[in-house]
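Observations on the model geometry
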Amino acid sequence: QVTLRAGAELDARRVNQYTLILRAACPDENEVERQLFVRLMTGQVLRCDTPFASSEGDVVQVLADVAPRTPLYAVLPQPLGGLRVSGGCPRSLQTPQFRLRNRDTPLTLTQRGLVLVPDNGFNPSKDTQMFRLEIEVMDRHGNNCSGVVRVEVLPSLRPRVTFHKPQWAVTVPEGTSPLEVVTQVHASGDNIRYTILAPVVPTLFTINEMTGEIRSTRRLEVARAHLLIQAYNVQHPTDHDTTMINITVERKNHRAPVCVPAISVFQVPETISPGSTLVTLRCTDSTGTEGPLRYALEGPPASRSHFHMEGPQLQVNTNLDYDSEDMAAVGFQLTATIMVTAGGQPPQSTRVPVLVVVTPVNEFTPACPNGAIFTVLETAAFGSTVGRVAGTDRDYPPDSLEYSLEGAPGPTQPFSIDMHTGEIRVVGPLDSQQHKSYKLTVWLMDTRNDLDPAKRRRRQCDVTVHLQAVPDRAPVCTPDVQELWITGGFGGHQPVTHLVCQGSPDGTALVYVIVGGNEDGRFRLEGNTVFYLPHDLAEPRTFVLLVEVWGSPGASRHSTMVALVVHITPHSTPVPPSTTTRRTTLQKEPLVVTQIEAVWHPPAWFVAVLTISSILLVAALGCMARSLLCR
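Rules behind the numbers
Residues numbered from 1 in each chain as written. Predicted model: local features only at pLDDT ≥ 70, side-chain atom pairs only at ≥ 80, totals over all residues. Heavy atoms only, no water. Pairing = 2+ DSSP bridges. Helix = DSSP H or I, 4+ residues; strand = E, 2+ residues; numbered from the N terminus. Axes fitted to C-alpha atoms, helices over the stretch in contact; angles between N-to-C directions. Patch = residues over 30% accessible without salt bridge, like charges linked within 9 Å, V, L, I, M, F, W, Y side chains within 5 Å. Areas by Shrake-Rupley, 256 points an atom, 1.4 Å probe, with all protein chains shown as cover. Salt bridge = Lys/Arg side-chain N within 4 Å of Asp/Glu carboxyl O.

The subject of this paragraph is the sheet that holds strand E10 (residues 129-138). Read from one edge of the open sheet, 4 strands run E4-E11-E10-E7, paired in mixed fashion. The open sheet has two edge strands with one neighbour each: strand E4 (58-63) and strand E7 (97-100). Across this sheet, the average inter-strand angle for adjacent strands is 30 degrees, counted without regard to direction. With 6 bridges connecting them, E4 and strand E11 (residues 144-154) associate as parallel partners. Following the sheet pairing, Leu-63 is matched in E11 by Leu-154.

The structure is reproduced here in structure tokens:
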């Protein structure tokens, strides 16, 4: 039997005759060869165009969520007698017949050559699905052609209907009213509707197909129910998911748990270790049993973070550092509330207040300052501050220390220390020639750092005080040479002059002594004033006095000499009429002193504002003093 090869195209206008050579042979016989002539006649034939008629066929891609019975492919007759593939409406010159050769496909081929989506749609799989259709086309004259259509079903791009949990449990109290919302289910996806699959005829509950709310159909009594809920895409019913709802109707719980102790107050040291148990609650519910109960911790975050619940046990979670700023901010008191909840509907809770008072522990020893070395002038006055020993202590309150010197003040230790501030002061004479420096032993002792006042820590610190020598400086007298005229014989002490001298900056008193020219003791010094003691003088006389001035009482003192030329005229001797003593200063090199003073002249408005502010300040102080006196 000689047949036409599939997909062969015959054109009588190009080739009108084919010569076929046939060879045949029977067993044990010679081969026979013959020729078969096939002549083509011109006329209307049926052809299938590529790629439909190719060996691989035409390919159609479609999403898995396409609607059922949607046309995917159409085989249409051509005007010239051939066939073509198109997605438009069929246009027929003669109605051919379409037949599906293979039956292992869910797709449907209509009598008009349309390939349709299955009645139930495609399976919403995550993988690509492939379907192959072998289609044969035949006209009324018996002419036929065949081709292949491959349909690739791609995963849907829209979200599938999905429940987040395959099942969950719901507990409701007995006596729930009809049509009261018991729970609500929710599934993700598009165009979702909800329905109860089991039980087929629900007697206790109903579901809203739009919102998923499950309501009671009558007043509920103690019972258990299992609902199989389905969520589906209304436009694609094959896209669906199910979940199981277990509903338990429980008896109402009318009494809260009872706990012992009902309130907890503790005083714990700051060194208590994390994990320590502060209290174990003994709680019972309305049935008189201890379980099942839930324990939770409530309260301010600053306090709650220090504790945690381990069942009915309240335990320390972190270090309770008394010396931290956070602990000081809450007043060293931590508050929390233990909430004990019993099962049942509605849940009943009891709150147990907790107060934890943290007490200090003297953990740290005072620390000495770095480089406790001071320098003081050897001329420092009594009570002068040498320096401050700034000890530190990490316990709270910080740096609460008392200071003391080892040994009493004396010639070998002319210093004292303030017990509270640590200031070292001079309490005795200093001499750099005898002591270049002093080694002091300072004791630091903490205070108020422990609940037990007897638990104190101390630290010994070495302090060095260097003496800075002050070189002696001769006093400066102005002027240092004077020429004076006086009239003697008036009786009593007669003042001659006042010496103006300046000593060291520390204000040491100066000493004045007449060391020369005081014949017969006619002159006398009282402080810095020179007095003349009258004697009977017959003739005028001139005296040259030398006055030595010094300030330091030490052995190596520095002094200044002042020369006084005093001309004395007896009272009986005629003198030029004069009522005052003449003083002549010998000519010396002029000394020019220039002093610049900065003067500020404020504007008038500033003076007015300052005056008004001063008046208001005085009035406020007066009111404050009056209120204090009244109190």
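Text resumes after the structure shown.
This part is about a nonpolar patch on the surface. A contiguous nonpolar patch, built from Val-2, Leu-4, Leu-10, Val-15, Tyr-18, Leu-22, Leu-36 and Val-38 and spanning about 610 Å² of accessible area, is present on the exposed surface. Every element with two or more residues in the nonpolar patch is listed here: strand E1 (17-24) and strand E2 (32-39). Along the chain, Val-2 turns up in the segment before E1.

Moving on, we come to the sheet that holds strand E33 (residues 415-417). In spatial order, the strands read E31-E34-E33; together these 3 strands make up an open sheet with antiparallel pairing. A strand with exactly one partner marks an edge of an open sheet, and here the two such strands are strand E31 (385-388) and E33. Across the sheet, the mean angle from the axis of one strand to that of its neighbour is 20 degrees, orientation sign disregarded. Relative to strand E34 (residues 423-426), E33 runs antiparallel, the two sharing 3 bridges. Note that in E34 the partner of Ile-417 across the bridge is Ile-424.

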